[in-house]
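Single-letter residue listing:
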Amino acid sequence: MKLAYLLQAIESLMRQHPTQGSIRDREVCSLAYDSRRVEAGALFVALKGLKATDVDFASDAMARGAVAVVAEEPPASPGLTPWIEVSDARAAMAKLAAELFGHPSRSLKVVGITGTNGKTTTAYLMRAVFEAAGMKCGLLGTVTYSIGDEELPAARTTPEAPDVQRMLRRMVESGCSACVIEVSSHALSLRRVEGMTFAAAVFTNLTRDHLDFHGNMESYFQAKRRLF
């Protein structure tokens, strides 16, 4: 997919637009948020971490073949180009991922489940309902990532946006017509499911947890509320 076409998905978030025609005509084959996983033709998104910003790794990403860098900050060195500055790198990454993988959630009945407790149990019950109705159903959650007939160990409850979109695309290709996904409050705060189309959302409960991340119960609730 050409960079120019892909960037249309984040037009409202862009502070700076690459104007050179040769840059906008570059082909993007993947999306990366870890410079160590950049391959030739990748678009690298520099995310803000707890201790560092991946802008520090932009040079490494470009050396590995990244076609451009998307970041909230300007480049540390004027020589780092092309550079697309955005207001929210995580929201941009989610929208770019949905666009790059062809919006697979639009081809599935996706049910998002959020809540402090009970997400995993509810996810398995929902998948059983879909399959009892004759619908092949994928599942992304705390225990496993189930993609068609393939089971993968879950690294986190809700994967990063490019990983979510990649797995949803594989579900579509494997014949799934539905997907159940556990959506954590961290994932909602970090925009991992931005740009997805949900057929339904489930809220289980809200109890004291994760306040080290959210600060207080109101912020925790507002994060959960984003799913709706």
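Quick notes on the rules
Residues numbered from 1 in each chain as written. Predicted model: local features only at pLDDT ≥ 70, side-chain atom pairs only at ≥ 80, totals over all residues. Heavy atoms only, no water. Pairing = 2+ DSSP bridges. Helix = DSSP H or I, 4+ residues; strand = E, 2+ residues; numbered from the N terminus. Axes fitted to C-alpha atoms, helices over the stretch in contact; angles between N-to-C directions. Contact = heavy atoms within 4.5 Å. Buried < 20%, exposed > 50% of the residue type's maximum accessible area, 1.4 Å probe, protein only. Disulfide = S-S within 2.5 Å. 1 Å grid on protein atoms, 1.4 Å probe; cavity = no way out; pocket = protein on both sides within 12 Å on 5 of 7 lines; lining within 4 Å. Points joined across faces, edges and corners; volume = space filled by probe spheres on them. Nonpolar A, V, L, I, M, F, W, Y, C, P; charged D, E, K, R; others polar. Polar contact = N/O pair within 3.5 Å; in protein donor to acceptor, adjacent residues only side chain to side chain. Core = buried A, V, L, I, M, F, W, Y, C linked by side-chain atoms within 4.5 Å. Parallel < 35°, antiparallel > 145°, perpendicular 65-115°, else oblique. Left-handed = near helix turned anticlockwise from the far one by under 90°. pLDDT = per-residue confidence, 0-100.

### Some thoughts on the sheet that holds strand 3 (residues 68-71)
Consider a sheet: its strands pair through backbone hydrogen bonds, and that pairing is either parallel or antiparallel.
So, point 1. On the basis of which strands lie adjacent, the open sheet formed by 4 strands has the order 1-2-3-4 and parallel pairing. The sheet is open, and its two edges are formed by strand 1 (30-32) and strand 4 (83-85), each paired on a single side. Neighbouring strand axes in the sheet, compared pairwise and without regard to direction, differ in orientation by 25° on average.
So, point 2. Pairing geometry for strand 1 and strand 2 (residues 42-45), over 3 bridges, is parallel. Note on strand 2: the bridge partner recorded for alanine 32 is phenylalanine 44.
So, point 3. Against the sheet, helix 4 (residues 89-100) engages strand 1, strand 2 and strand 3, with an angle of about 160° to strand 1.

### Describing unusual backbone geometry
So, point 1. Positive phi outside glycine occurs at histidine 103, with the angle close to 50°.
So, point 2. Of note, histidine 103 is situated in the loop between helix 4 and strand 5 (109-114).
So, point 3. The class of histidine 103 is buried, set by a relative accessible area of 14%.

### Examining the sheet that holds strand 9 (residues 178-182)
So, point 1. One open sheet holds the 6 strands; their spatial order is 8-7-6-9-5-10, and the pairing between them is mixed. Both outer strands of the open sheet, strand 8 (150-153) and strand 10 (200-203), are each paired with one neighbouring strand and no more. The average undirected angle you get between the axes of adjacent strands in this sheet is 20°.
So, point 2. In this sheet, strand 7 (residues 144-147) lies alongside strand 6 (residues 137-140) in antiparallel orientation, the contact comprising 2 bridges. Residue pairing across strands places leucine 140 opposite tyrosine 145, the latter belonging to strand 7.

### Observations regarding the state of the cysteines
So, point 1. Counted by the stated rule, this structure contains 0 disulfides.
So, point 2. Here cysteine 137 stays free of any disulfide, with the sulfur of cysteine 179 as its closest cysteine sulfur at 6.2 Å.
So, point 3. You can call cysteine 179 buried: its relative accessible area is 0%.

### Examining the layout of surface pockets
To find leftover empty space, one rolls a probe the size of a water molecule over the atoms.
So, point 1. For the second largest pocket, the calculated volume is near 150 Å³.
So, point 2. Looking at the second largest pocket, the residues that line it are Tyr33, Arg37, Tyr145, Ala155, Arg156, Pro159, Glu160 and Asp163.
So, point 3. Among the residues making up the lining of the second largest pocket, the classes are represented as 4 nonpolar, no polar and 4 charged.

### A word on the side chain of serine 30
So, point 1. With respect to the secondary-structure elements, serine 30 resides in strand 1.
So, point 2. In terms of polar contacts, serine 30 uses its side chain to reach the side chain of glutamate 39, at 3.1 Å.
So, point 3. The residues contacting serine 30, other than those within four sequence positions of it, are Glu39, Gly41, Ala42, Leu43 and Leu100.

### Some words on the nonpolar core
So, point 1. Core analysis: the largest hydrophobic core is formed by 26 residues, its most contacted members being Ile10, Leu31, Leu43, Val70 and Val86.
So, point 2. Mapped by element, the contributors of at least two residues to this core are helix 1 (3-7), strand 2, strand 3 and helix 4.
So, point 3. In terms of residue count, the dominant contributor to this core is helix 4 (7 residues).
So, point 4. Aside from chain neighbours lying at most four places away, what touches leucine 31 is Leu43, Val45, Met93, Leu96, Ala97, Leu100, Pro162 and Arg166.
So, point 5. By size, the runner-up hydrophobic cluster in this structure holds 17 residues, among which are Leu108, Val110, Leu140 and Cys176.

### Section: the packing of helix 4 against helix 6 (residues 161-173)
So, point 1. Between helix 4 and helix 6, the least distance of the axes is 8 Å, while the angle of their chain directions is 20°. When the interaxial angle is binned, helix 4 and helix 6 end up roughly parallel. When the axes of helix 4 and helix 6 are compared, the crossing they make is right-handed. Across the interface between the two elements, Met93, Ala94, Ala97 and Ala98 of helix 4 pack against Ala161, Pro162 and Gln165 of helix 6.
So, point 2. When its residues are assigned to classes, the contact of helix 4 with helix 6 shows 6 nonpolar, 1 polar and no charged.

### Some details on the confidence of the model for the protein
So, point 1. Per-residue pLDDT for the protein has a mean of 89; in total, 89% of the residues score no lower than 70.
So, point 2. Mean pLDDT values over the elements of the protein span from 58, in helix 8 (residues 211-214), up to 98, in strand 6.

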